[in-house]
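Here is how the chains run, residue by residue.
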Amino acid sequence: MNSDMESCIKIVKELKRKGTINAYVLTGAGISRASNIPTFRGEDGLWEKYNFEEVATIDAWLKNPTKIWTFYAEGIDLILNAKPNPAHESITKLQDHGFCKYIITQNIDSLHQKAGSKDVLEIHGNITRIRCMKCNEKQIYTEPPKEIPPMCKCGGMLRPDVVLFNEQLPHELINKAFDIAKKADLVFIVGTSAEVVPAATLPYISKKNGAKIIIFNKEKTEHVQIADCFIAGKCEESLPKFLNMLLNQ
Ligand SMILES: [Zn+2]
């Protein structure tokens, strides 16, 4: 496995020479850290004051909607005000220049879309999208809810359209992600240790089907063992550097 930028560029250019690149980027919490989005279980950030299991299961939700909605309203406020960072922007440029087709993200913060990226698969949902627990109607929040818990006009309670701890991931989306993983010839893993299934499985599927794997992450992760290249460091610094070298060499 290589760990230098030159080798990374070589892999991508070689694929490009052969024809169209069929790549996807897999992202997670690490890419949004520089946009001040705390991770669920991070050491810092406002979500630390809540017990994750107490706010992220549907049973807890139904038992104490006011407490849980207070938690989510803070999260929605934070995320609505967050701005994409150079890592998100670099991925958009990779897409624009034909170096990647899809983004599969475990993040629920819309920052890829805010950065102008297309074809983003949000496999864990989106916190600013809400849905009624009774009639299933969906809405997008542009500001945090004023009443807690927020109610739908049908009388049902509204909830963010995110996947809670013990809930099933959206089938259609997951099938699409697996399909993308199977057909890919290149995978960028950015800012995630991707320990949670199915995100964890996707790179292995791609590798089995002959794809090259490039990782940009602060520290080594389990996927390093199947990687062709691993670039250590903050992805908001390493990705722009990589992009610049790729486009200007
Ligand atoms: Zn409703």
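Let me sum up the structure you'll find in this document. (Residues numbered from 1 in each chain as written. Predicted model: local features only at pLDDT ≥ 70, side-chain atom pairs only at ≥ 80, totals over all residues. Heavy atoms only, no water.)

Next up on the list: the overall build of the protein chain. Summing up its helical and strand segments, the protein chain has ten helices and nine strands in all. Expected size for 249 residues packed as a compact globule is a radius of gyration near 18 Å; at 19 Å, the protein chain falls within 12% of this value. If one aligns the C-alpha atoms of the protein chain with their principal axes, the spans along those axes are about 60 × 30 × 30 Å. Looking at the protein chain as a whole, 53% of its 249 residues qualify as buried. Look at the contacts in the protein chain between residues 6 or more apart in sequence, and 69% of them connect residues 24 or more apart. (Helix = DSSP H or I, 4+ residues; strand = E, 2+ residues; numbered from the N terminus. Rg over C-alpha atoms; globule rule 2.2 N^0.38 Å. Buried < 20%, exposed > 50% of the residue type's maximum accessible area, 1.4 Å probe, protein only. Contact = heavy atoms within 4.5 Å.)

Here helix H5 (residues 65-81) contains 17 residues, and its C-alpha end-to-end distance of 24 Å stays within 8% of the 24 Å for a straight helix at 1.5 Å per residue. Turning to H5, its buried residues are Pro-65, Ile-68, Trp-69, Phe-71, Tyr-72, Ala-73, Gly-75, Ile-76 and Ile-79. (Expected span 1.5 Å × (residues − 1).)

Turning our eyes to something else, we now look at the packing of aromatic side chains. Scanning the model with the defined rule gives six aromatic pairs in all. Geometrically, the ring pair formed by Trp-69 and Tyr-141 is edge-to-face, given 6.4 Å between the ring centres and 80° between the ring planes. Taken together, the residues span a long stretch of sequence, with Trp-69 in helix H5 and Tyr-141 in the loop between strand S5 (138-140) and strand S6 (158-162) at a distance of 72 residues. Here Trp-69 and Tyr-141 have matching classes, each one buried. Between the NZ or CZ atom of Arg-159 and the centre of the ring of Trp-61, over which it lies, the distance is 5.9 Å. (Phe/Tyr/Trp six-rings, centres within 6.5 Å; stacked < 30°, edge-to-face > 60°. Lys NZ or Arg CZ within 6 Å of the ring centre and 35° of its normal.)

Two elements in contact, helix H1 (residues 5-18) and helix H10 (residues 235-248), have axes separated by 10 Å at closest approach and are oriented at 55°. The orientation of H1 relative to H10 falls into the category oblique. Helix-helix and strand crossings are classified by hand; for H1 and H10 the assignment is right-handed. Packed against H1, whose contacting residues are Met-5, Glu-6, Cys-8, Ile-9, Val-12 and Lys-13, the element H10 presents Ser-238, Lys-241, Phe-242, Met-245 and Leu-246 at the interface. Taken together, the residues of the contact of H1 with H10 break down into seven nonpolar, one polar and three charged. (Axes fitted to C-alpha atoms, helices over the stretch in contact; angles between N-to-C directions. Parallel < 35°, antiparallel > 145°, perpendicular 65-115°, else oblique. Left-handed = near helix turned anticlockwise from the far one by under 90°. Nonpolar A, V, L, I, M, F, W, Y, C, P; charged D, E, K, R; others polar.)

The subject of this paragraph is the sheet that holds strand S3 (residues 120-122). On the basis of which strands lie adjacent, the open sheet formed by six strands has the order S3-S2-S1-S7-S8-S9 and parallel pairing. In this open sheet, the two edge strands, each paired with only one partner strand, are S3 and strand S9 (229-232). Taking each pair of neighbouring strands and ignoring which way they run, the sheet shows an average axis angle of 15°. With four bridges joining them, strand S1 (residues 23-27) and strand S2 (residues 102-105) adopt parallel strand pairing. Bridge pairing in S2 links Val-25 to Ile-103. (Pairing = 2+ DSSP bridges.)

Coordination sphere of the zinc ion, protein contribution only: Cys-132 (SG), Cys-135 (SG), Cys-152 (SG) and Cys-154 (SG), at 2.3 to 2.4 Å. Ordering the donors of the zinc ion by residue number gives the pattern C-x2-C-x16-C-x1-C. (Donors = N, O, S within 2.8 Å, 3.2 Å for Na, K, Ca; no water.)

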